[in-house]
Amino acid sequence: MWTLPLLIFLATVVLAIPLGSYLAGIFDGRVRALCWFRGVERRLDTGPQNWKQYALALLTFNVAIFIVGFAILALQPLLPLNPDDKGMLSPTTIFSTLCSFLSNTNLQHYSGEVHLSYFSQLFFVCWMQFITPAIGLCALVAIIRGLRGDAHMGNFYVDLWRGVIYVFLPLSLILAVPLIASGVPMTLEGNIQVRTLDPGAMGVGADGQPTLLQIIARGPVAAILAIKQLGTNGGGFFGANCCHPFENPNAWSNFLSCSAILLAPMSCLVMFGKMLNNLRHAAVIFGVMFVLSATTVVWAIYHDAMQPNPALIAHSERTYQIPDPATESGLRTITLPAVAGLPVDQELGNLEGKELRFGTSAGAAWAAFTTNTSNGSVNCMHDSLNPLAGLAPLAGMWLNCIWGGVGVGLINFLIYLVVGVFLAGLMVGRTPEYLGKKVEAREMKLAMLALLIHPLMILGPTGLFAATDWGIKSMNNPGAHGFSEVLYEFSSASANNGSGFEGLADTYGFNDDSANPSQPAPYAPLWDIACGLVMIICRFIPIIAPLAIAGSLAAKKPTPFTAGTMRTDTATFGFVLLGTILLVGALLFLPAAVLGPIAEHLGPIPFGG
Amino acid sequence: MPQTVYIAPYVQGPSPEELKLTRRASRRSGLFAPHLLKAAFKQSLVMLRPDIQWKNPVMFVVEVGTVLTAVFTVARLLGNFSHISLEYLIALDVWLLATVLFANFATALAEARGKAQADTLRKTRRETPAIRFRRYESDNPRLLSGAKIDRNVLESIASTELKANDVILVEAGQVIPGDGEVIEGVASVDESAITGESAPVIREAGGDHSGVTGGTRVLSDRIVVRITAGAGKSFLDRMIALVEGAIRQRTPNEIALSLVLSAFTLIFLIVTAALWPMALNAELYMKDYLGAAEPVKGLGTDVPTLVALLVCLIPTTIGALLAAIGIAGMDRALRANILAKSGKAVEVAGDVDTLLLDKTGTITVGNRKATQFIPLDGYSAAELGQLAALASVADQTPEGKSIVDLHQKLPLNGQHGPRSTSPALLEASIPSGARFIEFTAQTRMSGIDLPDGRQIRKGAPDAIIRNVEQNDGLIPSRLTQQVAEVASKGATPLLVCEGNRLAGMIVLEDILKPGMRDRFERLRRMGLRTVMVTGDNPLTAKAIAEQAGVDDYIAQATPEAKLAYIRKEQAGGKLVAMMGDGTNDAPALAQADVGVAMNSGTQAAKEAGNMVDLDSDPTKLIEVVEIGKQLLMTRGALTTFSIANDLAKYFAIVPALFAATLPWLKPFDIMNLHSATSAILSAVIFNAIIIPLLIPIALKGVRYRPVGADALLRRNLLIWGLGGVIVPFAGIKLIDLLLAGLNLV
């Protein structure tokens, strides 16, 4: 039960320490590349940039790849490497997919093997999956340079080159080899049709005769899988993501993938400590992240793998009285009927939606890890998690700073840190300071902006969709569970996570209705647009605002460290951070959590499925 | 021609005793003196005006919420059907209004206290007549001799007509009409109106005690004063404006904090606003689930209840008290007799890293005293004492006087017998024709040439040694060692010679103030470096620095050396505080981040600093730092408390919101409150009454303890963070029990 998460965690820590040092070496220019690469670096180097120039370069580059990405997706039918003749996607699907990959979210309102050609998979999905985490890494590196008071924030293009070529490319190559060895396909050949042993196993054809053929999708999966996990991308080659046997064949690939999910964000923290030359401070942050991470993992496993599925067990009759002015007494009695349990052995917890080949706790552990980081790949159906277990991935996305996405996770953490420093700093009787720089009105304005955008983009659209047909008619299950589906979708979009609770009708698919294997969901365009906007807003504001904070801190004169300075490398400060994150970050979502998972858990059976 | 005596008009105004009493009274009056409460209550109603309330965004949101709730209450009153009981709506509205009023009251009370201070000060500013010289020439009247003054050169005008650079005459019993500098004469002045200190102080022309403040009273003698600040610009005027207007100039940290509070308000506005459609979703589903004809209505879609939730979640506690904390900080400074020229100066004081402290008066008691005569070269101690005393007769410096004192006190076997000589006798023993040699910076010695040809000199060791050598005298080989020995003990050696013969050494010693070592240790734990500034030689300075336990010292300090030291510290990012009085301190005072000028000091010093210490007490600097730290700490503590409170409020309100729609959420109501409405009312009431309960803390400030930042943080986190989590659980439950017990819900 606990061996898998423990092993994953240990293995990742062991790997993250050298990788983090390597990252620090690369971005500080201490680790030097081959001479040919250095030549490219020199060509790319447009000179030192201040925070504004850096942010502008970052945004400009994103606009450029948005345009290129749009061209690739829009021209899918005309481009090569399309053995299965995939048509053109609907405009809103293209928009949401573009926003999704641009923002490193990889929330998929399409199904990879159904809707995308190999060209789109390789030159849009895979390409974006290399570039966007590197952009997050660049932002973090620039912020670190600002925090330590460098004269300038480096050069975005050089940083991006280093991030993609020296970090993610070799890492992906290394990871892809054992993945291929464990059975992940890597081919450009089209789908294959096989004759099933059991005629009719694939249903009945249009002519009423049992279908004999099964279409098995395949493609360049291993290439995408490696970077998808390493770059906290999460967008799968297949719609079923890492539940699909070709994307996650066995326990080994599961272990490797899960560890790869955590590796880069954790290495970012090591790099942070090395670049600031303040490993103790990084260790405190590590401690806080670990406590939060461990809590979500333990919570998920306990409530999913060690508790029965509440829908299958017996419930006694319950009565409640609620006020109802329509009746004479002003009260109405609600009776929840007794429910008999199903004769199912629930020794191993809730098994619905799990891939048992990975082990019993693998689904819950992955669900926690993938939402701690902003990865978003899944190896079980999050929709099927026990209601309370489902709180773990939700909480991970609400906080969005436990390990987090490559670069951006730590940036999000720094926002909480600045708020914590501000409040706690005052309590020691000094103007708050972080790393020797005074935190004043300008920094707080930016930090609060970055902090505010996340709840706004989750709760606002959730409220909008939950109260209208847009959401209500798209829910697979009514009531609290359906509400959780909506809440999860926007949490995933806002956190740039990309995992899906599923159960929402949000896929439109091909522009040509008849080409779709199933009817387009009626409200899919609205979901596409809403999620697309949320993803873009929640990607760039929390990157630009902290960049501006770092720029403004960098320009300040450092204040010397005295006994009166609040230390940021002690356990006390760890508690400050933990308190800030829980009180300022988590509490905001308590009402939503109560209406979703908690109401579902405490409610009657059947209640919202 | 008979000289007319100019008769000073009788001064109308409160007597010093009267003033002292009012001042003391205002100081003693507790936080909740009845007249202050009354004024504050009135003002808190006035502040409900939207254009005033707007300045406090957090409370403005509460006010808008109150109005919104009132609208719903009226609609319900007019028969608009609603499932919400009218009593509940009215109670909600009353308590929301109370929240705003409590907040306004806190600010108004702090302001009222400031105004009370200002009024006391204003009493001293009454119009007083001023006697101005029409034309002033320095040798015009001989004031010191007490000669009568020609009426023709004087005119009487109102103090309000005074301009800068006017020269006025102030006589015993008169109130000084404006700030200025004594340019002639010496007088004892009662400054109790400003400082509250009853002992009169001496103000004299030249030197560092020439500044006089308008509103103070000359007790004896008369002085000629050059006015430095015209009417309306005096020190007192600025002080009054500052105390009264404290709220209108917010400090940088206060601005940053109110920004954070506004952002939190916005965040919670998002949370509550989004809750309405979410609750609607639950209600719609429950309608289907129960098969009801009517939608199942809960409190989750009731706007007044959501307003209540919003008000409970936004940081009203700190939002209500923030202005009061700032005003109270200024007030505390004023009560400590420190006049800050801006609130920012007080705030910066909390950040100070380095304190520059004058040795004299701060670390040591007054001036150095001669404690020992060490004879040399065949002289006896008595002879040496006699020579030293002779050399010092004309020396009016405290050191010089102390040498004469020592000579007289020593039970010597000399000619004059023990303890028998008085200064007069000593002076009488000086033969006529003796010539006093004054101290100059070049010779660095002083003394007397007696008519019998004896040349007695005393001075710095190197100067005397040079003098003896130039006159072919002999220098004992042990001398340098002896000099060094004395110096290394923190004492200052002076040598005395008679012609080319060395007579011996006078030991001048500093007397350390008691308890300073502990005080510096405290400062060190606070993270402050203390630097002793002294004119002593490095060896002596080092010894005293070690004895006193300061971190560093500036020896042989000149104004330039001080300025350079401050610049050096600031270049390292440190904030420096210093205290000074003389004109030559002005550049350093201006350069320091916190420059405290002594009220007794020159006008230039007072202009340059950003605070003035009315008591002229050099140890005040430490108090200034503590007030600054207390100010910031109080803000941080109450903000943390305010935000930590939210946890309990969520647990009280959220299950109540859905009690009617999702009754199975009851287990989430861990406080097990009486009913949905009582849960919400309890939370709102707790949120309201915590404001007045915390007013005393806002005004007095969270106690600052001189421990390290870490210990301080731990302590405050426990009290205000953990306390902030726990207290509202208890408070809300208690209020709920009370409401239920009294059958109010």
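Anything mentioned here points back to the structure above.
All chains use their own residue numbering, which begins from 1 and follows the written sequence. Naming scheme: in the order in which they are written, chains are lettered from A and ligands are numbered from 1. For a predicted model such as this one, the threshold for reporting local features is a pLDDT of at least 70, and the threshold for listing and counting side-chain atom pairs is 80 or more; totals across whole chains, interfaces and linings nevertheless cover every residue. In computing side-chain properties, one takes all heavy atoms of the structure into account and sets aside hydrogens as well as water.

Some words on the overall build of chain A
Going by this rule: Strands are runs of DSSP state E lasting at least 2 residues, helices are runs of H or I lasting at least 4, and numbering of each runs from the N terminus. Here the globule rule is a power law, 2.2 Å times the number of residues to the power 0.38, and the radius of gyration is based on C-alpha atoms. Every residue pair with non-hydrogen atoms within 4.5 Å of one another is taken to be in contact. Each accessible area is a Shrake-Rupley result for a 1.4 Å probe, and residues are judged covered by the shown protein chains and nothing else. In this tally Asp and Glu are treated as negative and Lys and Arg as positive; neither His nor the chain ends contributes. The location of each charge is read from NZ of Lys, CZ of Arg, CG of Asp or CD of Glu.
Across its full length, chain A carries 19 helices and six strands. Scaling as 2.2 N^0.38, a compact globule of 609 residues should have a C-alpha radius of gyration of about 25 Å, and chain A matches this with 25 Å. Summarising its shape, the C-alpha atoms of chain A cover approximately 75 × 70 × 45 Å along the three principal directions. When contacts within chain A are restricted to residue pairs at least 6 apart in sequence, those whose partners lie at least 24 apart make up 78%. Accessible surface, chain A as shown: approximately 21200 Å² in total, 66% of it carbon and sulfur. For chain A, the distance from the average position of its 29 positive side-chain charges to the average position of its 34 negative side-chain charges is 20 Å.

Topic: a nonpolar patch on the surface
Filter applied, for reference: Each patch is built from residues lacking any salt bridge and having more than 30% relative accessible area; the joining distance is 9 Å for like charges and 5 Å for nonpolar side chains (Val, Leu, Ile, Met, Phe, Trp, Tyr). Only one rule defines a salt bridge in this text: a Lys or Arg side-chain nitrogen within 4 Å of an Asp or Glu carboxyl oxygen.
A cluster of nonpolar residues, Met1(A), Trp2(A), Val298(A), Tyr302(A) and Met306(A), forms a patch on the protein surface that exposes about 440 Å² of accessible area. Topologically, Tyr302(A) is positioned in helix α10 (residues 279-305).

Structural notes on the interface of chain B and chain A
Formally: Each of two parts loses accessible area, computed with a 1.4 Å probe, when they are put together; buried area is these two losses added. The term polar contact refers here to a pair of N or O atoms within 3.5 Å; inside protein, the definition further demands a hydrogen-donor-capable atom paired with an acceptor-capable atom, and it admits residues adjacent in sequence only when both atoms are side-chain atoms. Residues are sorted three ways: Asp, Glu, Lys and Arg are charged, Ala, Val, Leu, Ile, Met, Phe, Trp, Tyr, Cys and Pro are nonpolar, and all the rest, Gly among them, are polar.
In this complex, chain B contributes 74 residues to the contact, which on the side of chain A involves 70 residues. Of the roughly 6000 Å² buried between chain B and chain A on both sides combined, carbon and sulfur atoms contribute 78%. Our count for the chain B to chain A interface comes out at two salt bridges. Where Asp351(B) meets Lys438(A), a salt bridge forms, and the shortest distance between an N and an O atom there is 3.6 Å. One can count 11 residue pairs in polar contact (both at pLDDT 80 or more) joining chain B with chain A. Looking at the side of chain B that touches chain A, the elements that each hand over two or more residues are α8 (252-290), α18 (516-526), α23 (620-644), α24 (646-657) and α26 (709-741) of chain B. Per-element accounting of the side of chain B that touches chain A gives the leading share, 26 residues, to α8(B). Residues belonging to the side of chain B that touches chain A are distributed by class as follows: 51 nonpolar, 13 polar and 10 charged.

Details of the sheet that holds strand β7 (residues 211-212) of chain B
All names here are of chain B. Heads up, the condition is: When DSSP finds two or more bridges between a pair of strands, those strands are recorded as paired.
Judged by pairing direction, the sheet is antiparallel, and its six strands sit side by side in the order β2-β1-β3-β9-β4-β7 without closing on themselves. With one partner strand each, in any of the chains shown, β2 (154-158) and β7 form the two edges of the open sheet. One ladder, built from two bridges, connects strand β1 (residues 129-133) with strand β3 (residues 167-170); its direction is antiparallel. Residue pairing in the sheet places Arg132 in a bridge with Ile168 of β3.

Describing the packing of aromatic side chains
Rule in force here: Here a Phe, Tyr or Trp ring, Trp counted by its six-membered ring, pairs with any other such ring whose centre lies within 6.5 Å, and the pair is stacked when the planes are under 30 degrees apart, edge-to-face when over 60, and tilted otherwise. The rule is simple: take the accessible area with a 1.4 Å probe, protein chains only, and divide by the maximum for that residue type; under 20% is buried, over 50% is exposed, in between is partly exposed.
Scanning all chains against the criterion turns up 30 aromatic pairs over all chains. Ring geometry for Phe490(A) and Trp527(A): centres 5.3 Å apart, planes at 25°, overall stacked. In this pair, Phe490(A) sits in helix α16 (residues 479-494) while Trp527(A) sits in helix α17 (residues 524-554), placing the two residues 37 residues apart along the sequence. A single burial state applies to Phe490(A) and to Trp527(A), both of which are buried. Measuring from centroid to centroid gives 6.4 Å for Phe264(B) and Phe268(B), while their planes differ by 25°, and the two rings are stacked. One end of the pair is Phe264(B) and the other is Phe268(B), both in helix α8 and four residues apart, which spans about a single turn. Assessed through its relative accessible area of 3%, Phe264(B) is described here as buried.

Thoughts on the environment of Glu63(B)
Residues and elements named next belong to chain B. Residue placement: Glu63 occurs in helix α4 (residues 57-77). In this structure, the C-alpha to C-alpha distance between Glu63 and Asp302, residues 239 residues apart in sequence, is 18 Å. Discounting residues that sit within four places of it in the chain, Glu63 has contacts with Leu48, Pro50, Gln53 and Val100.

Details of the side chain of Ser494(A)
Mapped onto the elements, Ser494(A) comes out in helix α16. Apart from residues no more than four positions distant in its own chain, Ser494(A) is found in contact with Asn400(A), His454(A), Met457(A), Ile458(A), Val534(A) and Cys538(A).

Describing the packing of helix α13 (residues 408-427) of chain A against α8(B)
Worth spelling out the cut-off: To obtain an axis, a line is fitted to C-alpha atoms, over the contacting stretch when the element is a helix, and the angle between two such axes runs from 0 to 180 degrees between their N-to-C directions. Working definition: roughly parallel below 35 degrees, roughly antiparallel above 145 degrees, roughly perpendicular at 65 to 115 degrees, and oblique for all remaining angles. Left-handed is the label given to a crossing in which the near helix is rotated counterclockwise from the far helix by less than a right angle, and right-handed is the label when the rotation is clockwise.
In the contact formed by α13(A) and α8(B), the axes pass within 12 Å of each other and the chain directions differ by 130°. The orientation of α13(A) relative to α8(B) falls into the category oblique. Seen from above, α13(A) lies across α8(B) with left-handed handedness. Taken together, the residues of α8(B) that come into contact with α13(A) (itself represented by Val419(A), Phe422(A) and Leu426(A)) are Asn253(B), Ala256(B), Leu257(B), Val260(B) and Phe264(B). Looking at the contact of α13(A) with α8(B) residue by residue, the class counts come to seven nonpolar, one polar and no charged.

Considerations on the pairing of strand β14 (residues 445-449) of chain B
All names here are of chain B. Of all five residues that make up β14, five are buried, and the element is covered over most of its length. Note that strand β13 (residues 435-437) and β14 share three bridges and pair antiparallel. Each residue of the ladder has a partner; that of Ile437, found in β14, is Gly447. Connecting β14 to the antiparallel partner strand β15 (residues 455-459) that follows it, the hairpin turn spans five residues, and Gly453 within it adopts a positive phi of roughly 95°.

Describing the pairing of β1(B)
On a regular strand, each side chain points to the face opposite its neighbour's, so the side chains alternate between the two faces of the sheet. Residues and elements named next belong to chain B. Buried residues dominate β1, accounting for four of its five residues. Two elements, β1 and β2, share five bridges in a ladder whose sense is antiparallel. Bridging across to β2, Ala130 finds its partner in Ile157.

Here we look at unusual backbone geometry
At Leu81(A), a residue that is not glycine, the phi angle is positive and equals roughly 55°. If you trace the backbone, Leu81(A) turns up in the loop between α3 (51-74) and α4 (91-102).

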